[in-house]
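The lines below spell out each chain.
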Amino acid sequence: MTHQLFDCRDAYSQELEALAAADPRIVAVVNDSVSSTKLKNFRTKFPGRFINVGIAEQNMVGVGAGLALGNMLPYVCGASCFLTARANEQVKVDLGYTNSNVKLCGMSSGMAYGELGPTHHSIEDFAFTRVIPNLAVVAPADSVETRALMRYSAQHVGPMFLRISRVPVRNIMPKDFVFTLGKAHTLRPGHDVTLIANGILVERAIDAAEILGASGVDARVLNMSSVKPIDREAILDAARTTRGIVTIEEHSIYGGLGSAIAEIVAQEHPTRIRILGVPGVFAPTGSSDFLLEHFGLTPSGIAQAALQLMAAAKATT
């Protein structure tokens, strides 16, 4: 079956325009990344609420914090690799410490920049952001959830990091989906093993569950888009009621979704866990599809990891 694919940046920019039309406080701040953030139309519609600071991510975050102090609602948009790394101190101090009502939009996250190589891969941004107090961290799975997240973000008081990919994916969330911070969404029930993913890898986790189902393995699939706060109850329920957890993320295996889940499981209900992602190396240069396959982040790779986890669990019982 051929699925229609959607770029989450389109959903993000269209929803931002709709929000700005209804709320005069909303302003977009960019780092000379008008095209890659899909904000050309926003600039045309709202020229007085569009600020381009140039290639100066640290200033960009500071400008956003200043706008928030002036009772504006800034969406600070830029390539995730530069927004979270170069401006990390400003995110920590200007946003986290002061609890500023700024929405950071990390665009083209993970390995979406592909051929531009390790300097542009953003496989550390969960680690950089989830450690900062007051900063919520979310990675939507598709364009439906991106739209719902944007609507939620305009009502949320406090800083948020929205991790938006440029890799086209099919829509998997229901059309009437309403985003709730800190809550996982069960996409497939199951009692044998739990697959937990976010961002563009949620669709691959679903496909992996179908492969496992053909082998007689009943896999639960959770979309854990909210990395911080995270759904502790959904994680602990998976630990209690299935034979293990496989986490899947377009990020380093250190400091991201898998680490957040392991921290909870290790302290409250130990179970077998397998963390899939980039194994503590700089990802090479290549297309996004090549890189995901290189690190086993494919439906078949995920299914194989789940089978290995279950085999190890069976061997020790």
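Residue numbers run consecutively from 1 along every chain, following the written order of its sequence. Reporting of local features is limited, given that this is a predicted model, to residues whose pLDDT is at least 70; pairs of side-chain atoms are given and counted only at 80 or more, and all residues count toward the totals for whole chains, interfaces and linings. The side-chain figures draw on all heavy atoms in the structure; neither hydrogens nor water molecules are used.

Caption draft 1: Quick look at the pattern of salt bridges. Definition used for salt bridges: Asp or Glu carboxyl oxygen within 4 Å of a side-chain nitrogen of Lys or Arg. Taken as a whole and judged by the stated rule, the model has 17 salt bridges. For Asp-7, the salt bridge goes to Arg-9, with nearest N and O atoms at 2.7 Å. As far as the burial class goes, Asp-7 and Arg-9 line up, both buried. Put simply, Arg-147 and Glu-15 hold a salt bridge, and the shortest N to O gap is 3.3 Å. One end of the pair, Arg-147, is in helix α7 (residues 143–155); the other, Glu-15, is in helix α1 (residues 8–22), with 132 residues separating them in the sequence. Judged by relative accessible area, Arg-147 falls into the partly exposed class, the value being 27%. What emerges from the salt-bridge pattern is a single network uniting Asp-7, Arg-9, Asp-10 and Lys-38. The cut-offs for exposure are 20% and 50% of the maximum accessible area for each residue type, with area from a 1.4 Å probe on protein chains only; residues under the lower value are buried, those over the upper are exposed, and the others partly exposed. The way it works is that DSSP assigns letters per residue, a run of H or I at least four long becomes a helix, a run of E at least two long becomes a strand, and they are numbered from the N terminus.

Caption draft 2: Up close: the packing of aromatic side chains. Put simply, two rings from Phe, Tyr or Trp (the six-membered ring, in Trp's case) pair if the centres are within 6.5 Å, and we call them stacked under 30 degrees between planes, edge-to-face over 60, tilted for the rest. Considering all chains together, one arrives at 2 aromatic pairs under this definition. An angle of 50° between the planes, with centres 5.0 Å apart, marks the rings of Phe-42 and Phe-46 as tilted. The residues Phe-42 and Phe-46 share a single accessibility class, namely buried. Look at Tyr-152 and Phe-179: their rings are 5.3 Å apart centre to centre, the planes differ by 65°, and that puts the pair in the edge-to-face class. Placement of the pair is Tyr-152 in helix α7 and Phe-179 in the loop between β6 (160–164) and β7 (185–188), with a sequence separation of 27 residues.

Caption draft 3: Main features of the layout of surface pockets. Approximately 180 Å³ is the volume attributed to the largest pocket. Along its surface, the largest pocket is lined by 13 residues, and Arg-274, Leu-276, Phe-295, Gly-296 and Ala-305 are the ones closest to its centre. Where the lining of the largest pocket is concerned, the elements lending two or more residues are β12 (273–278) and α12 (299–315). Any residue outside Ala, Val, Leu, Ile, Met, Phe, Trp, Tyr, Cys, Pro, Asp, Glu, Lys and Arg is labelled polar, Gly included; the first ten of those are nonpolar and the last four are charged. Tallied by class, the residues present in the lining of the largest pocket amount to 7 nonpolar, 5 polar and 1 charged. Put plainly, a pocket is an open set of points on a 1 Å grid over the protein atoms alone with protein on both sides within 12 Å along at least five of seven lines, a cavity is a set where a 1.4 Å probe fits but cannot get out, and a lining residue has an atom within 4 Å of a point. Grid points are joined across faces, edges and corners, and a volume is the space filled by probe spheres set on the points.

Caption draft 4: Fine view of unusual backbone geometry. Between Lys-228 and Pro-229 the backbone carries a cis peptide bond, its omega angle lying at -5°. Mapping Pro-229 onto the fold places it in the loop between β10 (226–228) and α9 (232–241). With phi around 70°, Asn-71 is a residue other than glycine that occupies positive phi space. Note on placement: Asn-71 falls in the loop between α3 (57–69) and β3 (73–79). The backbone phi angle of Asn-99 is positive, close to 55°, even though this residue is not glycine.

Caption draft 5: Representation of the sheet that holds β7 in the model. At least two bridges found by DSSP between two strands is the condition for calling them paired. Read from one edge of the open sheet, 5 strands run β7-β9-β8-β11-β12, paired in mixed fashion. Of all the strands in the sheet, just β7 and β12 have a single pairing partner and so form its edges. When the angles between neighbouring strand axes are averaged without regard to direction, this sheet yields 25°. Sheet analysis places strand β11 (residues 245–252) next to β12, joined by 5 bridges and oriented parallel. When the bridges of β12 are listed, Ser-252 appears paired with Val-278. In this analysis an axis means a line fitted to C-alpha atoms, helices contributing only their contacting stretch, and an angle means the value between N-to-C directions, from 0 to 180 degrees.

Caption draft 6: Expanded view of the packing of α9 against helix α10 (residues 257–268). One way to put it is that α9 packs onto α10 with a least axis distance of 10 Å and a crossing angle of 60°. Here α9 is positioned oblique relative to α10, judged by the angle of their axes. You can see that α9 and α10 cross each other, and the crossing is right-handed. In this structure, α9 uses Arg-232, Ile-235 and Leu-236 to contact α10, whose residues at the interface are Ile-261, Ile-264, Val-265 and Glu-268. Each angle gets one of four labels, with under 35 degrees taken as roughly parallel, over 145 as roughly antiparallel, 65 to 115 as roughly perpendicular, and the rest as oblique. Helix crossings are classified by the rotation of the near helix relative to the far one: an anticlockwise turn of less than a right angle makes the crossing left-handed, while a clockwise turn makes it right-handed. Contact between two residues is taken to exist if any of their heavy atoms lie within 4.5 Å; hydrogens are not considered.

These figures capture arrangement, not role.
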